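Descriptive analysis of the structure
Okay, here's what each chain looks like letter by letter:
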Amino acid sequence: MSRAMNYGRRRTVAAAAVLVGTAALLTVGPPQSPASAVDEVTDSAVTVTGRMGQLGDDWSDLKVTVSQTKDLTNQSVTVTWTGGPKTRFSGGEPNANYLQLMQCWGADPDAPDFRETCEAGVGRYKKSGGKINYEPTFQRAPLPEDPLEKQLPEDAKLIPFRSALDGSRTPDGSTAAPFPTDGLPLTDPGKPAEVLSTYFDIYSTNEIPIAITTGDGTGRAVFEVRNAIRDPHLGCGARPADAGGAPRPCWLVVVPRGDRDIHGNPNSIAPYLTPLTPSAFADRLVVPLDFTPVDAGCPLDRAERGTVGSEMIAEAVIAWQPTLCANNGPVFAYSATGDDEAARQVLDASTGGPGLAFTSDPVVPEEGQSPVVQTPVAISSVVIAFNIDLRLAPPLSVPPELEALRRTIVRNIKLTPRLVAKLLTQSYVRDVPNGNNQTYVAGNPRSLGADPEFVALNPDFKYIDPSFGADSIVVPYGNYAAAREVWRWVLADSSARAWLNGEADGLGGGPHGKGMEVNPNYRFVAAAAEDYFPRNDPSCQPPLERTDLEEWQKEPTPGRCTQDLFPYAQDLGESAYQTLRADLKQAAEWNYPNEPGQSGSYGKEPPKPVGQRFSLSITDSASAARYGLYTAQLCKAVKGADDTLTPSDCRNADTTGMLAGADAMVPSKVPGVRTVDPSRAAATPKAYPLTMVTYAAAALAADAEARRDYASLLRYAAGNGQQPGQQPGQLPDGYAPLPQAMRVQTLAVADTLERYTPPPQTPTPTSNESPAASAPTTSEVPTPTPTPSDTAAGVPNQGTPPTPATPAPSQSPPAGKPIAQLTPGSPLGQIRWVVVALLAVGLLGGMAGPVLLAVSRHLRSNSGGST
C-alpha cells in the first residue's frame, strides 16, 4: 500500500541572482520566469552578516542569504553572498578565501560541542590504481596547536560526530577512545573517514567544502538540505522524545575561510585545515532550518483512493495531498508507472485497481473496459538539467572577464536536437566502455564539452580545461510518454534525423574524417520515436590483467559494460538528484576477495567534487526545480556564410514557454485531450517543445463514493492547486498554472464524474432469455457540457487531428531491442510512500532508532546515499 503523505513537500527555491557584471557570459544566462525560478527567494529567506574573524580576517562586509528556511524537506536551497574576498587559486586549485557549508542538528549552535553535530570533514581524495586515497585535508582532524581547542585530548585524531538518531558518538582516536582496529590500518590517512562512514561518507555527504567567491565578491552555491527520512543521523523534522513533540530544527552553517593560519599569519594555506577547529569554527554564520515534520500529513488509519501514472504529476500530488485530506477529506495513494501501464490499470475495472490515472496520452477504452472521463490537471515539461562547474584552462589563456568566474556554476547552456541525439546514443568516446579502443567512435569528440557543435553554440566552453570532460547523460528507466516526446522532437529536426541515419555532422574528425557519426548500435532509433531511452552499446571495459592474483580472485569477464558504467536512474526525480550530486552511480574497479569462497564485487565511483562537475540528465521541470538545477535552452543551429554555427530561436522551460507549448498542442481523438505536434510547437513563438500536459483519467465504473472523492481531487487541482507558492496545497515550482479554459474544463469533468449514473445491471440471461446489451461504449459515456475550454485561447476548438509531421511513436521497441518496463507498484511508489508510512509509525511509536535506520538504508540505496 502506498500513501501520498508524510514524505513532505519536494520543493526547490533559490536565492537572489548573483550579479557578476558579465551579462554576456554563459554563466549568467537569460532571466528565469517563475516556472523555473532557481534564483528566486522565498518569504522565509534569511540573510546573515559576518564579523571580525577570530584569526584576524575581517568578514564584516560578508552577507550570506539562504533562499528558504521554512517548510523544508528533502530538497535544495540556494546560498548566495556578497562582500567576500575573491577566492585565491594556486595551480588552478582554490587555496584561500572561500566558504564551507554544512548541515548541523545540535539544539544550541553556541554550545561548545555543537560542531560534533555537523556533517562535514570526510576528506578530499584522489584515485590511484582504482584505490581511493584520502588526503589529510578537510577532515575532522583536531589541531592541538589551536589555542581554543579545549574539548579533546591532545592525542585525539578526529573531531567526533554525534548522531541525532541514537546519540552514538564516534571515537576520537585518542588513547581514551581509540579507533577500531578492523579495516584500514590506524595510521592510514583514510582511517578517520572510515570511522565516520558509519554515519556519512564521500558517497552520501551533503557538505560543500569549497564555495567560490568571484572577482566582484559574490558567490552562489546550491545546498542540499535533508530531513530525517534521507538522513536519520541529522534527524531534521523528526520528533525527539525529549522535545515535547516538537520537530527537530536544524542549521545551515557557513564557515568563511580566509588566508590566515591557526596563529593568524596571513598569506598561508590555512583553509586546508578542518573548518571544525575552534579558531575557524568561531567565525561561523548560522541559519536556522525549519523542516516540515516527517510524520505530518494524512492519518494512517484512513481508507485511501488509489491513483497511478506519470511521474510528471508527482510533485503536485505531494503538494496537494495535505490539503486534500484535511478536515477528514479523502486520502489519495499514488504510484508512478508509465503512461500505457497507467491507462491499462484504470481501464481494467475487474481488478479493483486505481480509479484514476495520470497520463499525457488519450485513454480510449475498448469494448468491455471501464468508460473514463479525462481532463487536464497540470502543465510541466521534460528538461535537460545540468550541474556544471566552470573549470577553466590555465589563466593565461582565459579572458579576464571569464577568469573572474573560475569554478563557479554555469547557468545557461544551449542544446539542439542533434546535440541531444548525440548524448542519447553513446556517440561520444567517453560514453562508450573502453571507448578509446572502439573503432566505431574513433575520432568522435571525447565528450559534449569538446564537440565543435556544442562549443559553437556555447562559445565560452572553448576556454574549458581540455582534461575536463562531460559525464554521460543520466536517463531514467522505464517506458513513458515523456521519453517518446523527446525522441519525436529529435526526429522532427532534419539534421538530427540525418545524423541518426548515419550522416556525419560535417564538423571534422569522426571515424571517416567527415565529422562525428552516430554510434551504429543506435541506428534503429531513427526509424520511429521510442518510448524509452536505450542503453544499447555492447562494449565492455575488459578486466585488468593481474598476474599477482589467483584465478578465483580476478575480475570476471567481460568486465564492466554499459549498464555498469552508465546505469539508468530509477526515475525522473532520481535523475535530477543524481545530477545535483554529480553522481553517475558508476561501478568502480573490482574489489577482489581475499579468501577462497568469498565473493568479489565492483566498487562505487564517488560523486564528483564541487569544482569538477559536468553532469546532465533527462528529468522533469518540477524535479529540476526541487533540486535547484538549471535547464538547457533548446535551440536551432543556423549555419552562416562561413559555415560557422550560431544558436537561433532558443526556447526556455519556463512559464511562458510551457503555456505557449500547451497552446501549440493539437486535438486528439478524445474530446478535451490534446497532444504534442513537434512541427506546430516549432512554429509557435516561444513554445517550449517538450511541454507536457498531464491529464487525469477517471473510471466511471468506480462506486459513487470513490467518484465523489476523485471529483474532489479534480476540483482542487483546477482551483487552489493552481496557485503557485511554497505552502502545502499550492503549485510547486516547475509547473505552469493551467489556463482558465482548462480549469473550467476540469471543473465540468469533475461534475460529470460525480453525477454519473451507471447503466442498470442486466441479470445473467437464462437459456430462454436473450443476451444482455453490451457495456456502454465510449460514445455513450456522458460528455461534459461544452464550456469555454472548447474555444478559449490556449485550448482551440476540437477538430480532426492533423497528420503528424513526425514518425508515429512506436508502442514497444523493435524486436530484439532492450526494453525498460515499469510495472504496477514500481519502486518510486514504494520508496516515496510506503517508507514514509513506516517511518511515521516508528516515530510515533517510539521506535525511531531501528525504523529510521532501516528506512534510511533502503532509501539511500535508491537515492544516492550510502548504507
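Right above here is the structure, for reference.
Residues numbered from 1 in each chain as written. Predicted model: local features only at pLDDT ≥ 70, side-chain atom pairs only at ≥ 80, totals over all residues. Heavy atoms only, no water.

**Section: the overall build of the protein chain**
- Assigned secondary structure in the protein chain consists of 18 helices and 28 strands.
- Looking at the protein chain residue by residue over its 867 residues, the buried ones come to 60%.
- Long-range pairs, those at least 24 residues apart, make up 73% of the contacts in the protein chain between residues at least 6 apart in sequence.
- Carbon and sulfur atoms provide 53% of the accessible area of the protein chain, an area that totals close to 32,700 Å². (Helix = DSSP H or I, 4+ residues; strand = E, 2+ residues; numbered from the N terminus. Buried < 20%, exposed > 50% of the residue type's maximum accessible area, 1.4 Å probe, protein only. Contact = heavy atoms within 4.5 Å. Areas by Shrake-Rupley, 256 points an atom, 1.4 Å probe, with all protein chains shown as cover.)

**A word on the pattern of salt bridges**
- Per the stated rule, a full pass over the model turns up 36 salt bridges.
- The partner of Arg 88 in a salt bridge is Asp 259, with the nearest N and O atoms 3.9 Å apart. In this pair, Arg 88 is assigned in strand β4 (residues 88-90) and Asp 259 in the loop between β11 (250-257) and α2 (278-281), connecting sequence segments 171 residues apart.
- Of the charged contacts in the structure, one is a salt bridge between Arg 488 and Glu 485, with a shortest N-O distance of 3.2 Å. Remark: Glu 485 and Arg 488 occur in helix α8 (residues 481-491); sequence separation between them is three residues, near one turn of the helix. Glu 485 matches Arg 488 in its accessibility class, with the two residues each being buried.
- Here the salt bridges do not stand alone but share partners, grouping Glu 224, Arg 226, Arg 230, Asp 231 and Arg 581 into one network. (Salt bridge = Lys/Arg side-chain N within 4 Å of Asp/Glu carboxyl O.)

**Some details on the sheet that holds strand β17 (residues 414-415)**
- Strand order in the open sheet formed by three strands is β17-β24-β25, with mixed pairing between adjacent strands. Every interior strand has two partners, whereas the edge strands, β17 and β25 (645-651), have only one.
- The pairing of strand β24 (residues 633-639) with β25 spans five bridges and is antiparallel. From the neighbouring strand, Val 638 faces β25, where its bridge partner is Thr 646. (Pairing = 2+ DSSP bridges.)

**Let's talk about the pairing of strand β2 (residues 63-66)**
- Of the strand pairs in this sheet, strand β1 (residues 46-49) and β2 are connected by four bridges, and their pairing is antiparallel. Opposite Thr 49, over in β2, you have Lys 63 as the bridge partner.

**Describing helix α6 (residues 417-424)**
- For α6, the buried fraction is high: eight of the eight residues fall into the buried class.
- Of all the residues in α6, the buried ones are Pro 417, Arg 418, Leu 419, Val 420, Ala 421, Lys 422, Leu 423 and Leu 424.
- Gln 426 lies just past α6 and shows a positive phi near 50 degrees.

**Overview of the state of the cysteines**
- Following the criterion strictly, the structure yields five disulfides and no others.
- Sulfur-sulfur distance for the disulfide between Cys 540 and Cys 561 comes to 1.9 Å. Handedness of the Cys 540-Cys 561 disulfide follows from its S-S torsion of about 95 degrees: it is right-handed. Of this pair, Cys 540 sits in strand β18 (residues 540-541) while Cys 561 sits in strand β19 (residues 560-561), and the two are 21 residues apart along the sequence.
- Residue Cys 540 is classed as buried on the basis of its relative accessible area of 17%.
- The buried category is assigned to Cys 561, whose relative accessible area is 17%. (Disulfide = S-S within 2.5 Å.)

**Quick look at the packing of α6 against α8**
- Where α6 contacts α8, the two axes come as close as 9 Å, and the packing angle between them is 130 degrees. As summarised for this structure, α6 and α8 are arranged oblique, according to the angle between their axes. Helix-helix and strand crossings are classified by hand; for α6 and α8 the assignment is left-handed. In this structure, α6 uses Pro 417, Val 420, Ala 421 and Leu 424 to contact α8, whose residues at the interface are Val 486, Trp 487, Trp 489 and Val 490.
- Partitioned by chemical class, the residues of the contact of α6 with α8 number eight nonpolar, no polar and no charged. (Axes fitted to C-alpha atoms, helices over the stretch in contact; angles between N-to-C directions. Parallel < 35°, antiparallel > 145°, perpendicular 65-115°, else oblique. Left-handed = near helix turned anticlockwise from the far one by under 90°. Nonpolar A, V, L, I, M, F, W, Y, C, P; charged D, E, K, R; others polar.)

**Topic: helix α3 (residues 314-324)**
- The buried count for α3 comes to nine of 11 residues, which makes it a mostly enclosed element.
- Listed as buried for α3 are Ala 314, Glu 315, Ala 316, Val 317, Ile 318, Ala 319, Trp 320, Gln 321 and Leu 324.

**A look at the side chain of Gln 68**
- Tracing the backbone through its elements, the reader meets Gln 68 in the loop between β2 and β3 (75-82).
- When its relative accessible area of 1% is taken as the criterion, Gln 68 is described as buried.
- Among the polar contacts listed, one links the side chain of Gln 68 to the backbone oxygen of Lys 70, at a separation of 2.9 Å.
- Side-chain polar atoms of Gln 68 contact the side chain of Gln 75, separated by 3.1 Å. (Polar contact = N/O pair within 3.5 Å; in protein donor to acceptor, adjacent residues only side chain to side chain.)

**Here we look at the packing of aromatic side chains**
- If you walk through the whole model with that rule in mind, you get 15 aromatic pairs.
- Here Phe 161 and Tyr 199 contribute two aromatic rings whose centre-to-centre distance is 5.5 Å and whose plane-to-plane angle is 55 degrees, an arrangement assigned as tilted. Residue Phe 161 is located in the loop between β8 (131-134) and α1 (191-196), and its partner Tyr 199 is located in the loop between α1 and β9 (208-212); the two are separated by 38 residues in the primary sequence. Like Tyr 199, Phe 161 is buried.
- Ring centres 5.2 Å apart and planes at 45 degrees place the aromatic pair Tyr 577 and Tyr 627 in the tilted group. Here the residue Tyr 577 occupies a position in helix α11 (residues 572-580), and Tyr 627 occupies one in the loop between α12 (621-626) and β23 (630-631), the gap between them amounting to 50 residues.
- Residue classification places Tyr 577 among the buried residues on the basis of a relative accessible area of 1%.
- Lying across the ring of Tyr 577, Arg 230 places its NZ or CZ 4.1 Å from the centre.
- Looking at Lys 604, its charged tip hangs above the ring of Tyr 203, at a distance of 4.7 Å from the centre. (Phe/Tyr/Trp six-rings, centres within 6.5 Å; stacked < 30°, edge-to-face > 60°. Lys NZ or Arg CZ within 6 Å of the ring centre and 35° of its normal.)

**Side note on the pairing of β3**
- Burial of β3 is extensive: seven of the eight residues sit out of reach of the surface.
- Inspection of the sheet shows β2 paired to β3 by four bridges, in the antiparallel sense. Counterpart to Thr 65 in the pairing with β3 is Thr 80.
- Pairing between β3 and strand β10 (residues 219-225): seven bridges, direction antiparallel. Note that in β10 the partner of Thr 78 across the bridge is Val 222.

**Examining the sheet that holds β9**
- Strand order in the open sheet formed by four strands is β9-β6-β11-β12, with antiparallel pairing between adjacent strands. Each end of this open sheet is capped by a strand with a single partner; those strands are β9 and β12 (285-289). Between one strand and the next, the sheet's axes are offset by a mean angle of 25 degrees, whatever the strand orientation.
- Here strand β6 (residues 98-104) runs beside β9; their pairing, made up of three bridges, is antiparallel. If you follow Leu 99 over to β9, its bridge partner there is Ala 211.

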